Protein chains: 2
Amino acid sequence: MNTLDQRIVSCLVANARSSYADIGKVVGLSAPAVKRRVDRLLDTGVLRGFTAVVDPEALGWGTEAFVEVHCHGNVAPARIRAHLEPLPEVVAAYTVSGAADAIVHLRAADIHHLEDALERLRGLEIIDRTVSTVVLSTLLERSPEPGAGSQ
Amino acid sequence: MNTLDQRIVSCLVANARSSYADIGKVVGLSAPAVKRRVDRLLDTGVLRGFTAVVDPEALGWGTEAFVEVHCHGNVAPARIRAHLEPLPEVVAAYTVSGAADAIVHLRAADIHHLEDALERLRGLEIIDRTVSTVVLSTLLERSPEPGAGSQ
DNA sequence: TCTGAAAGTTTAGCTTT
DNA sequence: AAAGCTAAACTTTCAGA
């Protein structure tokens, strides 16, 4: 993982479908050399894969919320995960420091669907109490810049 | 945007680098037919683009936090956005209902870098007060399933 | 790491349903 | 209006150097 790899990763984050030849032009390598590095980045897990960025509105997922989840007593993270997995409205979930046990990011079609998802979330046996914050607008959404970290 | 398009989008979310021929095999179309649909989905904005999924740890971004931001009086969302944009640690930001004005998702190399980023965030003239929640572990992270919405 | 050649992919124009 | 077919241009992916 050096500067060259970071620049290749940057290119792929910007456009996952760009050809190895195009990436090579940017970073100054031949297409086969770029491919070998991408393969190695996939093998080592630096690159997890390639995905399409979809407009949530277009798919009918226009309403979002962040939910602080408070569990009954002590619940293992794996158990929280297992309970959240089956809910398709859960797009992300994190265990956190502080008063709450987890933060859950929900995406739903509209307010009624969100209410329904929240009800199903609250119905989980491990969950005691939730505090919801509805998203009004998305100001910013981006991937972290490779190399900007202080590693 | 019909069932066929949704299945194509699903394929691309699962692997943005799969060939049109491979997608065609899954959805039952020829490669050119798939390409025409993907081009249209890009034109209409349903597909925003294609990106690489990167392991944040591997890039030196192992520490995350969610920060509730409270502004001084009334601040327009565009103005909040303009102030957050220059901070590379801000990976997402949303205006929200409730007591806070915005929720900011931060990613940093470690706790010290996170502290530094928080300090820079708090230093913004529009910001009055922040409440931070540090992420301990990521339980789940996924894209919303196309077609699961109730549109 | 590069070159070079075979295999596969993209993409445009044209025909068919 | 949208799918399939064909064929040229390009990309990937192996060798071997």
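Residues numbered from 1 in each chain as written. Chains lettered and ligands numbered in written order. Predicted model: local features only at pLDDT ≥ 70, side-chain atom pairs only at ≥ 80, totals over all residues. Heavy atoms only, no water.

### Brief notes about the environment of B:G73
All names here are of chain B.
And step 1. For G73, the location among the structural elements is in the loop between β2 (63–71) and α4 (77–84).
And step 2. Note on G73: relative accessible area 58%, which makes it exposed.
And step 3. Along the backbone, G73 and S143 are 70 residues apart, and their C-alpha atoms lie at a distance of 35 Å. (Helix = DSSP H or I, 4+ residues; strand = E, 2+ residues; numbered from the N terminus. Buried < 20%, exposed > 50% of the residue type's maximum accessible area, 1.4 Å probe, protein only.)

### Section: the protein's contact with DNA strand D
And step 1. Residues in contact with DNA strand D, as listed here, are A:S19, A:Y20, A:A21, A:P32, A:K35, B:R17, B:L29, B:S30, B:P32, B:A33, B:R36 and B:R37.
And step 2. For DNA strand D, the fraction of atoms within 4 Å of the protein that belong to sugar or phosphate moieties is 62%.
And step 3. Between B:S30 and DNA strand D, the recorded distance is 2.8 Å, taken from a side-chain N or O atom to a phosphate oxygen.
And step 4. Mapped by element, the contributors of at least two residues to the surface near DNA strand D are α2 (20–27) and α3 (31–44) of chain A together with α3 (31–43) of chain B.
And step 5. Tallying contributions element by element places α3(B) first for the surface near DNA strand D, with four residues.
And step 6. Its residues assigned to classes, the surface near DNA strand D comprises six nonpolar, two polar and four charged. (Near = heavy atom within 4 Å. Polar contact = N/O pair within 3.5 Å; in protein donor to acceptor, adjacent residues only side chain to side chain. Nonpolar A, V, L, I, M, F, W, Y, C, P; charged D, E, K, R; others polar.)

### Observations concerning the pattern of salt bridges
Residues and elements named next belong to chain A.
And step 1. Applying the stated criterion across every chain yields a total of 22 salt bridges over all chains.
And step 2. With its nearest N and O atoms 2.3 Å apart, the salt bridge here joins D39 to K35. Of this pair, D39 and K35 both sit in helix α3, four residues apart, which is roughly one turn of the helix.
And step 3. In this structure D39 comes out as partly exposed when scored by relative accessible area, which is 28%.
And step 4. Of the charged contacts in the structure, one is a salt bridge between D116 and R120, with a shortest N-O distance of 2.8 Å. (Salt bridge = Lys/Arg side-chain N within 4 Å of Asp/Glu carboxyl O.)

### Side note on the protein's contact with DNA strand C
And step 1. In the region of DNA strand C, the neighbouring residues are A:R17, A:L29, A:S30, A:P32, A:A33, A:R36, A:R37, B:S19, B:Y20, B:P32, B:K35 and B:R36.
And step 2. Among the atoms of DNA strand C close to the protein, meaning within 4 Å, 62% are from sugar or phosphate groups.
And step 3. Side-chain polar atom of A:R17 to a phosphate oxygen of DNA strand C: 3.2 Å apart, as the coordinates give it.
And step 4. A:S30 is positioned with one of its side-chain polar atoms (N or O) 2.8 Å from a phosphate oxygen of DNA strand C.
And step 5. Elements that contribute at least two residues to the surface near DNA strand C include exactly α3 of chain A together with α3 of chain B.
And step 6. Counting residues per element, the surface near DNA strand C draws most heavily on α3(A), at four residues.
And step 7. Tallied by class, residues from the surface near DNA strand C come to five nonpolar, two polar and five charged.

### Some thoughts on the relation of the copies chain A and chain B
And step 1. You can overlay chain A on chain B at an RMSD of 0.0 Å; the transform is a turn of 180 degrees with a shift of 0.0 Å along its axis. Such a turn and shift between the copies fits a two-fold axis.
And step 2. Looking at the interface residues of chain A, 100% of them are also at the interface in chain B, so both copies use one shared face. (Least-squares fit on C-alpha atoms with pLDDT ≥ 70 in both. Contact = heavy atoms within 4.5 Å.)

### Remarks on the packing of α2(A) against α3(A)
Residue and element names in this part refer to chain A.
And step 1. Look at α2 against α3: their axes get within 8 Å of each other, and the N-to-C directions meet at 100 degrees. On the basis of the axis angle, α2 is roughly perpendicular to α3. Between α2 and α3, the contacting residues are Y20, A21, I23, G24 and V27 on the first element and A31, V34, K35 and V38 on the second.
And step 2. When grouped by side-chain class, the residues that make up the contact of α2 with α3 number seven nonpolar, one polar and one charged. (Axes fitted to C-alpha atoms, helices over the stretch in contact; angles between N-to-C directions. Parallel < 35°, antiparallel > 145°, perpendicular 65-115°, else oblique.)

### Considerations on the domain arrangement of chain A
And step 1. Partitioning chain A into structural domains gives domain 1 (3–44) and domain 2 (56–135).
And step 2. One C-alpha centre belongs to domain 1 of chain A, the other to domain 2 of chain A, and the line joining them spans 36 Å. (Domains from an automatic or database assignment.)

### Points about the side chain of B:T51
And step 1. Looking at the secondary structure, you find B:T51 in strand β1 (residues 47–54).
And step 2. Residue classification places B:T51 among the buried residues on the basis of a relative accessible area of 12%.
And step 3. Within the structure, the side chain of B:T51 is placed 2.6 Å from the backbone oxygen of A:V13, a separation counted as a polar contact.

### Considerations on the pairing of strand β1 (residues 47–54) of chain A
And step 1. With respect to burial, β1(A) is a largely interior element, six of its eight residues being buried.
And step 2. As judged from the seven bridges shared by β1(A) and β1(B), these two strands associate in the antiparallel manner. Paired with A:F50 across the bridge in β1(B) is B:A52. (Pairing = 2+ DSSP bridges.)

### Re α3(A)
Residue and element names in this part refer to chain A.
And step 1. Over its 14 residues, α3 extends 20 Å from the first C-alpha to the last, a length consistent with the 20 Å expected when each residue adds 1.5 Å.
And step 2. For α3, the full list of buried residues reads A33, V34, R37, V38 and L41. The arc enclosing the buried residues of α3, seen along the axis, measures out at 135 degrees, which places them on a common side. Turned more than 90 degrees away from the buried face of α3, the exposed residues are R36 and D43.
And step 3. Those residues of α3 hidden inside the fold are in contact with α1 (3–14), α2 and β1.
And step 4. Directly beyond the C-terminal end of α3, a positive phi value near 90 degrees is found at G45. (Expected span 1.5 Å × (residues − 1). Arc of directions from axis to C-beta.)

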